[in-house]
Amino acid sequence: MTDPAAQASATVHPEQKNPERENPEQENPGPENSELTVLCITGWCRNGSTILGNVLNEVPGFFHVGEIHFLWKNSSGLGVNNLCGCGATLPECPVWSQILPVGRPAGMTPAEHARNVIRRQRSSARTRHTWRIMRNGLNSTDSTDLKEHAELMAGVYRAVAAQTGSRVLVDTTKIPGEAAVLPRLPGIRTVFVHLVRDPMAVSNSWRTPKDYVYTMSAGKNTAYWRAFNIASRAILRHYPEQSMLLRYEDFIADPAGTVDTLLRMCGADPAGNPVHGQAVTLHTNHTVTGNPDRFRHGETVIRPKDESWRKGLPLLARLSTAVVAWPMAWRYGYRTTGGLRVPAHPLRPATVPAAPAAEPALEDGTVGSGT
């Protein structure tokens, strides 16, 4: 189970419709014409995406790929976490060993291919590229990097679906630039879930090292929290009919209700919901990185509250988090008074502004548990 504690009542809210969406003919078709659905979870790291993905992994026909963006980096030894959720190294995993050769040019070594993929990711699908990709599609750059990366990802998603017999893949990469590419992949329907967690809880989570996951200061982490959530919110506003906003606290308060909502969004039968009350039985998964708790399986109880930060987060870190997160934290219902959170108001779809939101200055593109 992921570090996040757990809460929800699936107060999921589709974003407002954007009447000025460009190039609609290039975006993916509706579910009736799609062979494969990718449920893409966006937002900042330590937001609970690993546990949410692993819960959905228990649904018949669903497969949680984890943070697939890091597949090539970690499998080639360029990252710090080369293990699949099953415990095997990625090149030796029964699933990923079959997927890694997909899209590799003849005569190119796995290491050379990995470096090439990473170069294309950095040059064309980082968080700062989100707006440009949504606006111009795969023609958003003069080079062919983005088109080649999109072609690779389409082939990889289809290969994973064929290898695992799945019709819905859950991708918890959380890099908005990667997410913006998905609607441009032919024959693949995308469902977006913008998962947001209390910035206080996120800062508290980043304080403690955990296996291959490093630490980050409250101020720096919260700056990323803002940047990634700004970009993720832009995606939801651009694709409102296939998107939802979900707070982590709402998920853990009512995990069964949240999963019901997600299954319906993906066109799946809610009868396949694996959650009973606050409990779910997790089996071995094949996730590409994520929270180290992904290696745990068996009967898992999702705690309905996420308040360990109240005792664990120092006052200075609280102040730093509050200053950097404001006013976005208020927009999502996270309100603090003297370190005490006021009960959040129900989330409401945001109003679409007259002009596009400015891109955040801070972005990394490959920060997270895969680095």
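Here the structure is shown first, and the text comes after it.
A short tour of the structure in this document, coming up. Per-chain numbering applies: the sequence of each chain, read as written, is numbered from 1 onward. In keeping with the model being predicted, local features are shown solely for residues with a pLDDT of at least 70 and side-chain atom pairs are shown and tallied solely at 80 or more, while totals for entire chains, interfaces and linings include all residues. Calculated side-chain values reflect all of the structure's heavy atoms, with hydrogen atoms and water omitted.

## Things to note about the overall build of the protein
- For the purposes of this entry, the term helix denotes a DSSP run of H or I that reaches at least four residues, the term strand denotes a run of E that reaches at least two, and both are numbered from the N terminus. A count of helical and extended segments in the protein gives 14 helices and nine strands.
- Exposure categories follow from relative accessible area, calculated using a 1.4 Å probe and restricted to protein chains: below 20% of the type maximum is buried, above 50% is exposed, and the middle band is partly exposed. Counting only residues that meet the buried cut, the protein has 58% of its 371 residues in that class.
- Should any heavy atoms of two residues lie within 4.5 Å, those residues are counted as being in contact. Within the protein, contacts between residues at least 6 apart in sequence are counted, and of these 82% link residues at least 24 apart.
- What sets the accessible areas is the Shrake-Rupley method with a 1.4 Å probe; for residues, cover comes only from the shown protein chains. Surface accessibility of the protein: about 14,600 Å² in total, with carbon and sulfur atoms responsible for 54%.

## Some remarks on the nonpolar core
- If you look at the biggest cluster of nonpolar residues, it comprises 61 residues, and the most contacted ones within it are Trp44, Leu71, Trp72, Trp96, Tyr157, Leu185 and Trp225.
- At nine residues, helix α6 (residues 145–164) tops the list of elements feeding residues into this core.
- Among all residues touching Trp72, those that are not within four sequence positions of it are Leu100, His113, Ala114, Val117, Gln121, Leu152, Met153 and Val156. The nonpolar core is taken to be a set of buried Ala, Val, Leu, Ile, Met, Phe, Trp, Tyr and Cys residues, with the residues joined through side-chain atoms within 4.5 Å.

## Quick look at the sheet that holds strand β1 (residues 36–42)
- Between any two strands, at least two bridges found by DSSP are needed for them to pair. Reading across the sheet, the five strands line up as β2-β3-β1-β4-β5 and stay open at both edges, with parallel pairing between neighbours. If you trace the sheet from one side to the other, it starts and ends with β2 (62–66) and β5 (243–247), each paired once. The sheet shows a mean angle of 25° between the axes of neighbouring strands, direction not considered.
- Bridging between β1 and strand β3 (residues 168–174) involves five bridges; their strand directions are parallel. A fitted line through C-alpha atoms represents every axis, and for helices the fit uses only the stretch in contact; the resulting angles, taken between N-to-C directions, go from 0 to 180 degrees.

## Overview of a nonpolar patch on the surface
- Taken together, the side chains of Leu315, Leu316 and Leu319 define a hydrophobic patch exposed on the protein surface, amounting to about 360 Å² of accessible area.
- For Leu319, the position within the fold is in helix α13 (residues 315–325).
- Note on Leu319: relative accessible area 48%, which makes it partly exposed. Only residues whose relative accessible area exceeds 30% and that take part in no salt bridge are eligible for patches, with like-charged residues grouped when within 9 Å of each other and nonpolar side chains (Val, Leu, Ile, Met, Phe, Trp, Tyr) grouped when within 5 Å. Every case where a carboxyl oxygen of Asp or Glu lies within 4 Å of a side-chain nitrogen of Lys or Arg is listed as a salt bridge.

## Regarding the pattern of salt bridges
- Enumeration according to the criterion identifies eight salt bridges in this entry.
- Close ionic contact of Arg247 with Asp250 constitutes a salt bridge, the shortest N to O distance being 2.9 Å.
- A relative accessible area of 7% places Arg247 in the buried class.
- Here the salt bridges share partners, and the residues they tie into one network are Lys210, Asp293 and Arg296.

## Considerations on the side chain of Asn204
- Note that Asn204 resides in helix α8 (residues 199–206).
- Not counting the four nearest positions on each side in its chain, Asn204 is found in contact with Ser308, Trp309, Gly312 and Leu313.

## Notes on α6
- Taking 1.5 Å per residue, 20 residues should reach 28 Å; α6 reaches 28 Å between its end C-alpha atoms and fits that length.
- What α6 keeps buried is the set Asp145, Leu146, His149, Ala150, Leu152, Met153, Ala154, Val156, Tyr157, Val160 and Ala161.
- Trailing α6 by a residue or two, Gly165 shows a phi angle of about 70°, which is positive. Working rule for helices: expected span equals 1.5 Å times residues minus one.

## Topic: the packing of helix α9 (residues 218–238) against α13
- The N-to-C vectors of α9 and α13 enclose an angle of 25°; their axes lie 9 Å apart at closest approach. Judged by the angle between their axes, α9 and α13 are roughly parallel. The element α9 and its partner α13 pack so that their crossing is right-handed. Together, Ala218, Gly219, Thr222, Ala223, Trp225 and Arg226 of α9 and Ala317, Ser320, Thr321, Val324 and Ala325 of α13 make up the contact between the two elements.
- Three classes are used, and their members are as follows: Ala, Val, Leu, Ile, Met, Phe, Trp, Tyr, Cys and Pro are nonpolar, Asp, Glu, Lys and Arg are charged, and the others, Gly among them, are polar. Considered class by class, the residues forming the contact of α9 with α13 number six nonpolar, four polar and one charged. Throughout this description, any angle smaller than 35 degrees is read as roughly parallel, any larger than 145 degrees as roughly antiparallel, any in the 65 to 115 degree range as roughly perpendicular, and the remainder as oblique. In this scheme the handedness of a crossing depends on how the near helix is turned from the far one: anticlockwise by less than a right angle means left-handed, clockwise means right-handed.

## Considering the pairing of strand β4 (residues 188–196)
- Most of β4 is tucked away: nine of the nine residues are buried.
- Going residue by residue along β4, you find Ile188, Thr190, Phe192, His194 and Val196 tucked away on one face and Arg189, Val191, Val193 and Leu195 tucked away on the opposite face as well.
- In this sheet, β4 lies alongside β1 in parallel orientation, the contact comprising seven bridges. Bridging across to β4, Ile41 finds its partner in Val193.
- Sheet topology note: the β4/β5 ladder contains five bridges and is parallel. Bridge assignment links Val193 to a residue of β5, and that residue is Met244.

From the geometry alone we can't say anything about function, so treat these as descriptive.
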